[in-house]
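Given next are the chains, with one letter for each unit.
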Amino acid sequence: MELESERLERRQLESLSTAELIRHAIEEARLLARAEVLHAKKELQGELKAARTAGILLGAGAVLGLVALTALFVAVGLVLPVAEWLGVLLVGVALLLLAGGLAFAGVKRLPKKPLPHTQERLKEDITRTRETLQ
């Protein structure tokens with residue numbers, strides 16, 4: 001990252017040749033690009049951690065949902081001969097509710113807007129660049 005003391009002042013910029021100005025502009029663009037990549041990596045790591053947690057919750061919800069469906073099918077099979085169906089049915093409904101809760105928690109943790117800080121910084125950089133070039 002560039003320190004404020006390393007920046008060229010207006011007087012210094014006016015004394016540079018066109019080739020030196022272009023070199024300076026290219027170097028500034030490189031520094032900006034590196035900084036944005038570093039910020040994006042950091043932000044992406046945080047979002048990946050949240051997505052991993054959401055994936056685990058969604059996976060657990062899906063597995064429990066399959067178990068609940070199995071239990072409900074067993075209940076349907078047991079409903080005809082005896083009253084044992086009630087116990088199996090209650091277990092199936094409880095597992096289905098738990099699966100729904102886990103799936104809901106997983107969906108809530110999914111990132112809504114990816115890389116919001118990086119997008120905002122890029123918009124600010126574009127605005128500043130346009131103002132500087134005008």
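Only a predicted model underlies this, so the values are computations on that prediction, with no experimental measurement involved.

1. Digging into the overall build of the chain
- If you tally the helices and strands in the chain, you get four helices and zero strands.
- In sequence order, the chain lays out its α and β elements as α-α-α-α.
- The buried share of the chain, reckoned over its 134 residues, is 13%.
- By sequence separation, contacts in the chain at least 24 residues apart represent 72% of the contacts at least 6 residues apart.
- A total of about 10400 Å² of accessible surface is found on the chain, and carbon and sulfur atoms cover 67% of it.

2. Details of a nonpolar patch on the surface
- Taken together, the side chains of Leu86, Leu89, Leu90, Val93 and Leu97 define a hydrophobic patch exposed on the protein surface, amounting to about 460 Å² of accessible area.
- Tracing the chain through its elements places valine 93 in helix α3 (residues 85-109).

3. Quick word on the pattern of salt bridges
- Evaluation of the coordinates by the stated rule reveals two salt bridges.
- Among the ionic pairs, glutamate 36 bridges to arginine 121, the shortest N-O distance being 3.6 Å. Here glutamate 36, found in helix α2 (residues 18-79), pairs with arginine 121, found in helix α4 (residues 116-133); they are 85 residues apart in sequence, far enough to count as distant.
- Here glutamate 36 falls in the buried class, since its relative accessible area comes to 10%.

4. Overview of the side chain of aspartate 125
- Considering the arrangement of structural elements, one finds aspartate 125 in helix α4.
- Among buried Asp, Glu, Lys and Arg side chains, aspartate 125 stands out as unpaired, with arginine 128 the closest opposite charge at 4.4 Å.

5. Here we look at the confidence of the model for the chain
- Per-residue confidence for the chain gives a mean pLDDT of 81, with 88% of residues at or over 70.
- Per-residue pLDDT, averaged within each element of the chain, yields its smallest value for helix α1 (residues 10-15) (76) and its largest for α2 (86).

6. Examining the side chain of threonine 118
- Assignment of secondary structure puts threonine 118 in helix α4.
- Residues within four places of threonine 118 in sequence aside, it is in contact with Glu36, His39, Ala40 and Glu43.

What counts as what
- Residues numbered from 1 in each chain as written.
- Predicted model: local features only at pLDDT ≥ 70, side-chain atom pairs only at ≥ 80, totals over all residues.
- Heavy atoms only, no water.
- Helix = DSSP H or I, 4+ residues; strand = E, 2+ residues; numbered from the N terminus.
- Buried < 20%, exposed > 50% of the residue type's maximum accessible area, 1.4 Å probe, protein only.
- Contact = heavy atoms within 4.5 Å.
- Areas by Shrake-Rupley, 256 points an atom, 1.4 Å probe, with all protein chains shown as cover.
- Patch = residues over 30% accessible without salt bridge, like charges linked within 9 Å, V, L, I, M, F, W, Y side chains within 5 Å.
- Salt bridge = Lys/Arg side-chain N within 4 Å of Asp/Glu carboxyl O.
- Lys, Arg positive; Asp, Glu negative; His and termini not counted.
- pLDDT = per-residue confidence, 0-100.

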